[in-house]
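Topology and contacts: notes
Letter by letter, the chains look like this.
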Amino acid sequence: AQSVTQLDSQVPVFEEAPVELRCNYSSSVSVYLFWYVQYPNQGLQLLLKYLSGSTLVESINGFEAEFNKSQTSFHLRKPSVHISDTAEYFCAVSDLSGNQFYFGTGTSLTVIP
Amino acid sequence: NAGVTQTPKFRILKIGQSMTLQCTQDMNHNYMYWYRQDPGMGLKLIYYSVGAGITDKGEVPNGYNVSRSTTEDFPLRLELAAPSQTSVYFCASSPGRASGNTIYFGEGSWLTVV
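Residues numbered from 1 in each chain as written. Chains lettered and ligands numbered in written order. Predicted model: local features only at pLDDT ≥ 70, side-chain atom pairs only at ≥ 80, totals over all residues. Heavy atoms only, no water.

To continue, consider the sheet that holds strand S8 (residues 76–78) of chain B. Strands in a sheet are paired, the pairing made by backbone hydrogen bonds, and the direction either parallel or antiparallel. All names here are of chain B. If you walk across this open sheet you meet the 4 strands as S1-S3-S8-S7, and the pairing is antiparallel. At either end of the open sheet lies a strand with only one pairing partner, and these are strand S1 (4–7) and strand S7 (64–66). Taken over all neighbouring pairs, the strand axes of this sheet differ in orientation by 20° on average, direction set aside. In terms of strand pairing, strand S3 (residues 19–25) meets S8 through 3 bridges, oriented antiparallel. Counted as the bridge partner of Met 19 is Leu 78 from S8. (Pairing = 2+ DSSP bridges. Helix = DSSP H or I, 4+ residues; strand = E, 2+ residues; numbered from the N terminus. Axes fitted to C-alpha atoms, helices over the stretch in contact; angles between N-to-C directions.)

Here the focus is the interface of chain A and chain B. With 23 residues of chain A in contact, the opposing surface of chain B contributes 24 residues. Between chain A and chain B lies a buried interface of about 1,900 Å² when both sides are counted; carbon and sulfur atoms form 53% of it. Summed over the shared surface of chain A and chain B, the number is 0 salt bridges. Summed over the shared surface of chain A and chain B, the result is 3 residue pairs in polar contact (both at pLDDT 80 or more). Of all the secondary-structure elements, those providing two or more residues to the side of chain A that touches chain B are strand S5 (31–38), strand S6 (44–50), strand S10 (87–95) and strand S11 (101–103) of chain A. (Contact = heavy atoms within 4.5 Å. Buried area = accessible area lost by both parts, 1.4 Å probe. Salt bridge = Lys/Arg side-chain N within 4 Å of Asp/Glu carboxyl O. Polar contact = N/O pair within 3.5 Å; in protein donor to acceptor, adjacent residues only side chain to side chain.)

Residues and elements named next belong to chain A. Taken as a whole and judged by the stated rule, the model has 6 salt bridges over all chains. Ionic pairing is found between Arg 77 and Glu 66, a salt bridge with its closest N-O pair at 3.9 Å. Separated by 11 residues along the polypeptide, Arg 77 in strand S9 (residues 73–78) and Glu 66 in strand S8 (residues 64–68) bring together distant segments of the chain. Overall, the relative accessible area of 27% leaves Arg 77 in the partly exposed class. One network of salt bridges, with partners in common, ties together Glu 20, Glu 66 and Arg 77. (Buried < 20%, exposed > 50% of the residue type's maximum accessible area, 1.4 Å probe, protein only.)

Rendered as structure tokens:
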């Protein structure tokens, strides 16, 4: 079985500052890794994912995440945040079959003007 | 693009009542899931299905039932509602490995049991 740990439940950051949201996972098998974003009163939307290949993956709105196999981490970063990035962010892992996904407990990112 | 559609969006139930949360997807996905989201607890998998006629329990199945008679529909049944089932419920679907296991979520159903 897999599990996901998001080390920070809340991250306040000033607008235009950089941010890193941490995610570690445990698994004995190969996995796919995901970051989802949830805006207030909405469902989760895919932000980015790592399947294979380059360990650095990027989203269209400036976020990036790096898969580190030795540290079993998939931290999410953005060099300069905007007010509109305020949301809940979830890290997730699935095995290659896709039968089940495991989500972290979420990190609430608040961007302060 | 309808995607994953859940109904109702909001519902208040009395203890002991039963209800069904409806979920339908129009993407022809084989995999479907029901999650519940509680504050500070992330998402917990209730049930999932890998295709029509096949369902299986997730992490927190007690108090719930599902069926999957068609590829499109995956209703979640709450029997004898309890206050502990007050939560936000999300239905989701995935095409599986064909698209890297990406999950697509519905908008959520807010359920309060009083």
